[in-house]
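The residues making up each chain are set out below.
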Amino acid sequence: MNDDIARIVERLSSRKVLERKAAIRELKEHISGGDAFMARLSLHYVAEHDPSYTVRNIARQAFYRIRAPPPTSGTWERAYLFHKE
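Quick summary incoming for the structure in this document. None of these values were measured; they are calculated from a predicted model.

## Some details on the overall build of the protein chain
Okay, step 1: Regarding its fold elements, the protein chain presents five helices and zero strands.
Okay, step 2: Along the protein chain, helices (α) and strands (β) appear in the sequence α-α-α-α-α when read from the amino end.
Okay, step 3: In the protein chain, buried positions account for 35% of the 85 residues.
Okay, step 4: Contacts spanning at least 24 positions in sequence make up 46% of the contacts within the protein chain whose residues lie at least 6 apart.

## Considerations on helix 2 (residues 17-27)
Okay, step 1: Every buried residue belonging to helix 2 is among Arg 20, Lys 21, Ala 23, Ile 24 and Leu 27, and all of these are buried. Buried positions in helix 2, seen along its axis, are confined to an arc of 160° and lie on one side of it.
Okay, step 2: Contacts from the buried residues of helix 2 go to helix 1 (3-11), helix 3 (37-49) and helix 4 (53-65).

## Things to note about the packing of helix 3 against helix 4
Okay, step 1: Taken N-terminus to C-terminus, the directions of helix 3 and helix 4 make an angle of 140°; their axes are 7 Å apart at the nearest point. Classified by the interaxial angle, the pair formed by helix 3 and helix 4 is oblique. Pair helix 3 / helix 4 crosses with left-handed handedness. Contacts between helix 3 and helix 4 involve Arg 40, Leu 43, His 44, Val 46, Ala 47 and Glu 48 from the former and Val 55, Arg 56, Ala 59, Arg 60, Ala 62 and Phe 63 from the latter.
Okay, step 2: Residues belonging to the contact of helix 3 with helix 4 are distributed by class as follows: seven nonpolar, one polar and four charged.

## Describing the nonpolar core
Okay, step 1: Counting residues in each nonpolar core, the largest one holds 16 residues, and the members touching the most others are Leu 12, Ile 24, Leu 27, Ile 31, Leu 43, Val 46 and Ala 59.
Okay, step 2: Of all the elements, helix 4 adds the most residues to this core, at five residues.
Okay, step 3: Sequence-distant contacts of Leu 43, that is, excluding residues within four places in its chain, are made with Ile 24, Leu 27, Ile 31, Ala 59, Ala 62 and Phe 63.

## Here we look at the side chain of Asp 50
Okay, step 1: Relative to the helices and strands, Asp 50 is located in the loop between helix 3 and helix 4.
Okay, step 2: Its relative accessible area of 8% is what places Asp 50 among the buried residues.
Okay, step 3: A polar contact is formed between the side chain of Asp 50 and the backbone nitrogen of Ser 52, at a distance of 2.9 Å.
Okay, step 4: Discounting chain neighbours no more than four positions away, the residues touching Asp 50 are Arg 20, Tyr 45, Val 55 and Arg 56.

Reading the values: rules and limits
- Residues numbered from 1 in each chain as written.
- Predicted model: local features only at pLDDT ≥ 70, side-chain atom pairs only at ≥ 80, totals over all residues.
- Heavy atoms only, no water.
- Helix = DSSP H or I, 4+ residues; strand = E, 2+ residues; numbered from the N terminus.
- Buried < 20%, exposed > 50% of the residue type's maximum accessible area, 1.4 Å probe, protein only.
- Contact = heavy atoms within 4.5 Å.
- Arc of directions from axis to C-beta.
- Axes fitted to C-alpha atoms, helices over the stretch in contact; angles between N-to-C directions.
- Parallel < 35°, antiparallel > 145°, perpendicular 65-115°, else oblique.
- Left-handed = near helix turned anticlockwise from the far one by under 90°.
- Nonpolar A, V, L, I, M, F, W, Y, C, P; charged D, E, K, R; others polar.
- Core = buried A, V, L, I, M, F, W, Y, C linked by side-chain atoms within 4.5 Å.
- Polar contact = N/O pair within 3.5 Å; in protein donor to acceptor, adjacent residues only side chain to side chain.

Below is the structure:
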């Protein structure tokens, strides 16, 4: 995993909403390309499970930037845990 993505993913677990929002904005730059699976996986998890509606919404919007909405069917563990495009 890219060191930049690893650093940004760590910031997604912050208690501060503004910190998580900033991390998502940085992660959006990494969701297209060769090793984008970890960025997409992280954004998809945040889009479903973050306690803040604003943070969930920003994470969902990141997928629409690449014209690929987050998947809506299936369970999290079974469908997306080892998904690599």
